[in-house]
Amino acid sequence: MADNPVITIDGPAASGKGTLAQRLSADLGFNLLDSGLLYRIVGYTASDAQLSLRDASGLEVFIRDRLRFKINQEPSREIAPGSYEVYIFKHVGVEDTVSINGRNVNLVLRSQETGVNSSIVSAVPEVRHLLIPIQRAMLTPPGLVADGRDMGTVVFPDAQLKFYLDASVGTRARRRLDQLQKPVDQSSLVKMISELEQRDKRDRTRDIAPLKIPENAQILDTTNLTIDEMFTVARTTIREQILI
Ligand code: DC
């Protein structure tokens, strides 16, 4: 087995990546990187600071000078004026929790609106560039499960094993509504399908690090799989391919 292996999981919104990444990281005892959360934090804070989400140099200065990421650290009471102190807390088997300037922002970060804002800022090369070292620093012993859109293509191109998850857009819309605890009726489904399609299109067609299937990735269609089935298929592949 390689030292500190990386397993990447890429795919479109609501394809099951986050859930699979959480289950695998808990089972393997590996660190977990939810890279979408970093883009959501940038989208949310930049919008809160009333920046234009397409202004590359404005975003670059903002991230460099006003955004501070702290992982699993005790929050400090001191907040520099105009800055956003972002505390990300990791928990085994469940999603990260986040506080910004002492405020719990878990719900707003995972809202549809923040999802759209994050997708817009994620198309800005300067933003992607500044987030790369933060993502690579998450690789610590004994290994990492990394969830996102460019994990296997750009951030960890030498990963020991790469998954690409997908599911029909109808299934993904249903899952996202469940996740947001919204009713799954016909009109919400139609609206969510259209939102997911727009977001996927933006993520797939941007110039930099677009969402695509990494070379040599194991493709997993999760449309008709339960969470347990998806986990079992992925876990078996890991055992067979990288012997852990
Ligand atoms: O996985 P998510 O829905 O939390 O991601 C939010 C947005 O962040 C997604 O629409 C595109 C962007 N993103 C990205 O560009 N690259 C990643 N590795 C992860 C997310």
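Let me sum up the structure you'll find in this document. (Residues numbered from 1 in each chain as written. Predicted model: local features only at pLDDT ≥ 70, side-chain atom pairs only at ≥ 80, totals over all residues. Heavy atoms only, no water.)

With that settled, the discussion passes to the side chain of S99. Among the structural elements, S99 can be located in strand β5 (residues 97-100). Dropping the residues within four chain positions of it, S99 is found in contact with E85, V86, Y87, F89 and V105. (Helix = DSSP H or I, 4+ residues; strand = E, 2+ residues; numbered from the N terminus. Contact = heavy atoms within 4.5 Å.)

On to the nonpolar core, then. Soluble, globular proteins show a tendency: their nonpolar side chains are buried together. By size, the foremost hydrophobic cluster in this structure holds 36 residues, and its most contacted members are I41, V98 and F156. When neighbours within four sequence positions are excluded, I41 is seen to be in contact with F69, V86, I88, V98, I100 and L109. Membership of the second largest hydrophobic core comes to 19 residues, among which are I7, L24, F30 and I244. (Core = buried A, V, L, I, M, F, W, Y, C linked by side-chain atoms within 4.5 Å. Buried < 20%, exposed > 50% of the residue type's maximum accessible area, 1.4 Å probe, protein only.)

In this fold, R149 is placed in the loop between β7 (144-148) and α7 (151-155). By relative accessible area, which is 14% here, R149 ends up buried.

Near the ligand you find 16 residues, and of these R40, R128, R199, D203 and R206 are the closest. Separating an oxygen atom of the ligand from a side-chain N or O atom of R128 is a distance of 2.7 Å. R199 places a side-chain nitrogen or oxygen 2.6 Å from an oxygen atom of the ligand. Surface burial for the ligand is 95%, taken as the share of its 450 Å² of free accessible area covered by protein chains. When atoms are counted within 2 Å of each cavity's grid points, the one that captures over half of the ligand is the largest pocket. If you list the elements that add at least two residues to the shell around the ligand, you get α2 (35-48), α5 (112-121) and α9 (186-205). No other element matches α2, which puts 4 residues into the shell around the ligand. Tallied by class, residues from the shell around the ligand come to 2 nonpolar, 6 polar and 8 charged. (Near = heavy atom within 4 Å. Polar contact = N/O pair within 3.5 Å; in protein donor to acceptor, adjacent residues only side chain to side chain. Areas by Shrake-Rupley, 256 points an atom, 1.4 Å probe, with all protein chains shown as cover. 1 Å grid on protein atoms, 1.4 Å probe; cavity = no way out; pocket = protein on both sides within 12 Å on 5 of 7 lines; lining within 4 Å. Sits in = over half its atoms within 2 Å of the grid points. Nonpolar A, V, L, I, M, F, W, Y, C, P; charged D, E, K, R; others polar.)

Moving on to the sheet that holds strand β4 (residues 84-89). Taken in spatial order, the 4 strands make up an open sheet running β3-β4-β5-β6, and their pairing is mixed. The sheet is open, and its two edges are formed by β3 (67-71) and β6 (103-104), each paired on a single side. Direction of pairing for β4 relative to β5: antiparallel, over a ladder of 4 bridges. Directly across from V86, in β5, lies its bridge partner I100. Along the sheet, helix α3 (residues 56-66) makes contact with β3 and β4, crossing β3 at roughly 50 degrees. (Pairing = 2+ DSSP bridges. Axes fitted to C-alpha atoms, helices over the stretch in contact; angles between N-to-C directions.)

This next bit is on the packing of aromatic side chains. Enumeration according to the criterion identifies 2 aromatic pairs in this entry. Geometrically, the ring pair formed by F62 and Y84 is edge-to-face, given 5.6 Å between the ring centres and 65 degrees between the ring planes. In this pair, F62 is assigned in helix α3 and Y84 in strand β4, connecting sequence segments 22 residues apart. Looking at F62, the relative accessible area reads 2%, which means it is buried. On the numbers, 6.4 Å between centres and 15 degrees between planes, the contact of Y87 with F89 is stacked. Judged by its relative accessible area of 4%, Y87 is buried. Using a relative accessible area of 21% as the deciding quantity, one classes F89 as partly exposed. Across from the ring centre of F231, 4.5 Å away, lies the NZ or CZ of R23, which sits over that ring. (Phe/Tyr/Trp six-rings, centres within 6.5 Å; stacked < 30°, edge-to-face > 60°. Lys NZ or Arg CZ within 6 Å of the ring centre and 35° of its normal.)

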